[in-house]
Amino acid sequence: MKTKYLYKAVTTALLLSSASVAYASDASTLDVGRLAISGYGDVGYTYQPNKKDADGNDIQNNVVARFIPIFLFQMSEKIHIEAELEFAVDENGETETVLEYANMHYFFNDNTIITAGRFLLPFGQFGANLHPSWINKAASNPGIYGGHGGNGSMGGVTGIMNDTGVNISNTWSLGDAGKLFTDFYVVSGPRQEAGDHGGGVDMDVKKGDNNDSMALGGRVAYAFLPQWEIGLSYYSGAYSNDGELDYTAYTIDFNWIGSYATVRGEIFGSTAGTEWEEEVELPDGSEVHEEFLQDLNKNGFYVQGTWQARQLGKAWLNPIELVLRYSKTASDFDGSISHVLEEDGGRMGSRIYYGINYWLEPSAVLKFGAESTSIDNEAASHDPIADDRIFLQLAFGF
Amino acid sequence: MKLIKLVLPFIIITVSALTLSTFSVSAQAASDGSLVAKGAKLYSENCGRCHNPRPAEEYTKREWSVVMPHMRAKAHMTGKEALAVEAFLASTLTADIRDDDHSSTQDKPQRTGEELVTVFGCQGCHIIKGEGGTLGPQLDTTVADKGVKFVIRKLLEPTFNNAASAMPRYPMSTADKQAIVDYLKSE
């Protein structure tokens, strides 16, 4: 099943359901609407005392701005469409437009939802639920998600964010406060990038699938509401053009949500098959060319704590929230080889973020943060990169 | 076909989900106190899990009806749970349910503090007399600690001391506010 069939399916559903008038549900107590526009945006300023551009010039100040509208359509009680676009002005002053997701939910029954189209993969919590800037308590992304909208030097271990396919989500009640959440999906999967050793895993899905194998994944989570949720996610797909190199990843997310504080984190691991070749000298002095496959691993974790000073009961402290986050990654790429998967990263990286947030509204926040990254690049051709940053960000959801 | 094999387990899960769940959801009005109270509890347990809870007055009822399915999917709520949350949101946005100072209250009997607390679902978010949710603080000592004036002001304008408050604004009558305060004060 190729992406275009999915788009066709979504379009057909759209057409079919727009042919029938959205009807008022007897059950809902709300006036039934058809369209809502929501979304989020942010303006961020980053100060990096030791950042240089490719020519060695100081580039220490960056301003980025993003505007991300979400279009929600209610076709009927059972069919719902959502699409999110991202407009961003990056640090080089260039404007980017990205389709984050565009999908259809079919509310199959009381506890089953089928989603088709392009959607945020239920892999862990950060990518699916916590990355919008008014939700993310920090002005940067956790180290293991360094790639997307985050900040460079500690290359993210995963690019798993969104893809095109079908997801089935279920909810089961286990007693009064216990819940079991399941998601299973089939998506078009990662692609192969050009480069040595089989290139790298390219998670950019706008190009469609490159092989006839789909990627599979899912998340099973246990929640004990309102305080606990622990999830296990798995993802696996062939990424090479010949379908022989696989990329697999898992993440365990844990979330504790108190009345004033939260503690969240993810423990992540991934393996990518890669191609290698070597000249082997035989005892008789002749050389043979050998090709072999080797797995390269990347793993890491992040843990983040937040606390609302409101707990102290002083009115002037009500809008203030403190944030502390630590991330660590390790990878088989030691910088001695050139490989796309390596990104800019080193063998080991760790990053700490300290932040103070000032809440202006339930979904508008001014974040002030300081982040320090240390990367051990022992075998890399370049020296360790010092990377300390200060952030000021205004984020809002609407 | 490969795809069929892949999709089969999902179909099985779905069919079993279907048989386990009942379809019929009876029509209940926003004035159904028990549904509103249940919705307040579900809101308090679910709507602050990922982000700050968004207060009802941010959207119209029409907009909420479109936003809620989006959040039902995010939060993994059942259809019935989503309906209860909708009833709760609707209850604070519905003029004939809220009993503001401008609407005539003469023809309606004054409800007791206890009734009002139930109808408005305060215990979805607050512990009162040992029972309730934890999204907001317990209210048993609030009147004693912060005074009657503070509580009345909080009910009138929840964001007056906290711009990010999830506490719904209930434009209830002065008599209703007083009845709630008296109830909160009582042992």
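Residues numbered from 1 in each chain as written. Chains lettered and ligands numbered in written order. Predicted model: local features only at pLDDT ≥ 70, side-chain atom pairs only at ≥ 80, totals over all residues. Heavy atoms only, no water.

Some details on the environment of Ile37(A)
Assignment of secondary structure puts Ile37(A) in strand β1 (residues 35-47). Taking the relative accessible area as the measure of exposure, Ile37(A) reaches 46% and is therefore partly exposed. (Helix = DSSP H or I, 4+ residues; strand = E, 2+ residues; numbered from the N terminus. Buried < 20%, exposed > 50% of the residue type's maximum accessible area, 1.4 Å probe, protein only.)

Notes on helix α8 (residues 148-156) of chain B
Residues and elements named next belong to chain B. Within the span of α8, buried status applies to Phe-150, Val-151, Lys-154 and Leu-155. All buried residues of α8 project into a common sector of 130° when viewed along the axis, lining one side. Against the buried residues of α8 lie α7 (142-146) and α9 (174-185). (Arc of directions from axis to C-beta. Contact = heavy atoms within 4.5 Å.)

Focus: the pattern of salt bridges
Inspection of the entire model under this criterion finds 13 salt bridges over all chains. Arg49(B) serves as the salt-bridge partner of Glu229(A), at 3.0 Å between the closest nitrogen and oxygen. A residue pair is termed interchain when its members come from two chains, as with Glu229(A) in strand β11 (residues 228-238) and Arg49(B) in the loop between α2 (33-46) and α3 (61-75). Using a relative accessible area of 5% as the deciding quantity, one classes Arg49(B) as buried. (Salt bridge = Lys/Arg side-chain N within 4 Å of Asp/Glu carboxyl O.)

Structural notes on the interface of chain B and chain A
Counting residues at the interface gives 60 residues for chain B, matched by 68 residues for chain A. Between chain B and chain A the total buried area reaches about 5,400 Å² when both faces are included, carbon and sulfur atoms providing 59% of it. In this assembly, chain B and chain A are joined by three salt bridges. Where chain B packs against chain A, one counts 20 residue pairs in polar contact (both at pLDDT 80 or more). (Buried area = accessible area lost by both parts, 1.4 Å probe. Polar contact = N/O pair within 3.5 Å; in protein donor to acceptor, adjacent residues only side chain to side chain.)

Details of a negative patch on the surface
Residue and element names in this part refer to chain A. Judged by side-chain charge, Asp-242, Glu-244, Glu-275, Glu-277, Glu-278, Glu-279, Glu-281, Asp-284, Glu-287, Glu-290 and Glu-291 come together as a negatively charged surface patch. Listed by contribution, the elements that provide at least two residues to the negative patch are β13 (261-281) and β14 (287-308). Here the negative patch takes five residues from β13, the largest share from any one element. Taking relative accessible area as the criterion, Glu-278 reaches 41% and is therefore assigned partly exposed. (Patch = residues over 30% accessible without salt bridge, like charges linked within 9 Å, V, L, I, M, F, W, Y side chains within 5 Å. Areas by Shrake-Rupley, 256 points an atom, 1.4 Å probe, with all protein chains shown as cover. Lys, Arg positive; Asp, Glu negative; His and termini not counted. Charge placed at Lys NZ, Arg CZ, Asp CG, Glu CD.)

Considerations on the packing of aromatic side chains
Aromatic ring pairs: the centre-centre distance and the angle between the two ring planes describe each pair. If you walk through the whole model with that rule in mind, you get 12 aromatic pairs over all chains. Ring centres 6.4 Å apart and planes at 75° place the aromatic pair Phe119(A) and Tyr185(A) in the edge-to-face group. One end of the pair, Phe119(A), is in strand β5 (residues 112-120); the other, Tyr185(A), is in strand β7 (residues 178-187), with 66 residues separating them in the sequence. Ring centres 6.2 Å apart and planes at 40° place the aromatic pair Tyr353(A) and Phe391(A) in the tilted group. Of this pair, Tyr353(A) sits in strand β16 (residues 348-361) while Phe391(A) sits in strand β18 (residues 387-397), and the two are 38 residues apart along the sequence. Connected via pairs of aromatic rings, a cluster forms that spans Phe67(A), Phe396(A) and Phe398(A). The aromatic ring of Trp134(A) is capped on one face by Arg54(B), whose charged end is 4.6 Å from the ring centroid. Between the NZ or CZ atom of Lys129(B) and the centre of the ring of Tyr183(B), over which it lies, the distance is 4.7 Å. (Phe/Tyr/Trp six-rings, centres within 6.5 Å; stacked < 30°, edge-to-face > 60°. Lys NZ or Arg CZ within 6 Å of the ring centre and 35° of its normal.)

Observations regarding the domain arrangement of chain B
All names here are of chain B. Assigned domains of chain B: these are domain 1 (19-95) and domain 2 (102-185). Listed per partner, the contact involves 13 residues of domain 1 and 16 residues of domain 2. Contact with domain 2 buries area across many residues of domain 1, yet Ser-44, Glu-57 and Thr-92 alone supply 37% of it, more than any other trio. Of all the secondary-structure elements, those providing two or more residues to the side of domain 1 that touches domain 2 are α2 and α4 (79-93). Split by residue class, the side of domain 1 that touches domain 2 holds seven nonpolar, four polar and two charged. (Domains from an automatic or database assignment. Nonpolar A, V, L, I, M, F, W, Y, C, P; charged D, E, K, R; others polar.)

Concerning the packing of α8(B) against α9(B)
Residues and elements named next belong to chain B. Interaxial distance between α8 and α9 falls to 10 Å at its minimum, and their mutual angle equals 130°. In terms of axis orientation, α8 runs oblique to α9. Crossing geometry of α8 relative to α9 is assigned as right-handed. When α8 is examined against α9, the residues Val-148, Val-151, Ile-152, Leu-155 and Leu-156 are found in contact with a partner set consisting of Lys-177, Gln-178, Ile-180, Val-181, Leu-184 and Lys-185. Split into classes, the residues belonging to the contact of α8 with α9 amount to eight nonpolar, one polar and two charged. (Axes fitted to C-alpha atoms, helices over the stretch in contact; angles between N-to-C directions. Parallel < 35°, antiparallel > 145°, perpendicular 65-115°, else oblique. Left-handed = near helix turned anticlockwise from the far one by under 90°.)

Looking at the confidence of the model for chain A
Confidence in the prediction of chain A, expressed as mean pLDDT, is 81, and 75% of residues score 70 or more. A low-confidence stretch, residues 147-153 of chain A stays under pLDDT 50, and its non-local contacts, those more than four residues away or across chains, total 22 contacts. (pLDDT = per-residue confidence, 0-100.)

As for the pairing of strand β3 (residues 79-89) of chain A
Residues and elements named next belong to chain A. With eight of its 11 residues buried, β3 lies for the most part within the structure. Here β3 runs beside strand β4 (residues 95-109); their pairing, made up of 11 bridges, is antiparallel. Its bridge partner lying in β4, Glu-84 is registered against Tyr-101. (Pairing = 2+ DSSP bridges.)

Notes on α9(B)
Helical geometry: 3.6 residues make up each α-helical turn, so side chains three or four residues apart lie on a common side. Between its terminal C-alpha atoms α9(B) stretches 17 Å, which fits the 16 Å expected from 12 residues at 1.5 Å a residue. Summarising the contacts, the buried residues of α9(B) are in contact with α5 (113-119), β1 (127-128), α7 and α8 of chain B. (Expected span 1.5 Å × (residues − 1).)

Some points on the confidence of the model for chain B
All names here are of chain B. In this model, chain B carries a mean pLDDT of 81, and residues with pLDDT of at least 70 account for 74%. Mean pLDDT values for the elements of chain B range from 47 in helix α1 (residues 2-20) up to 96 in β1. Scored below 50 in pLDDT, residues 10-30 shows 43 contacts in the model against residues more than four places distant or in partner chains. With pLDDT under 50 throughout, residues 98-105 is counted as low confidence; its partners more than four residues away or in other chains account for 19 contacts. The ipTM value of the predicted complex is 0.83, and its pTM value is 0.85.

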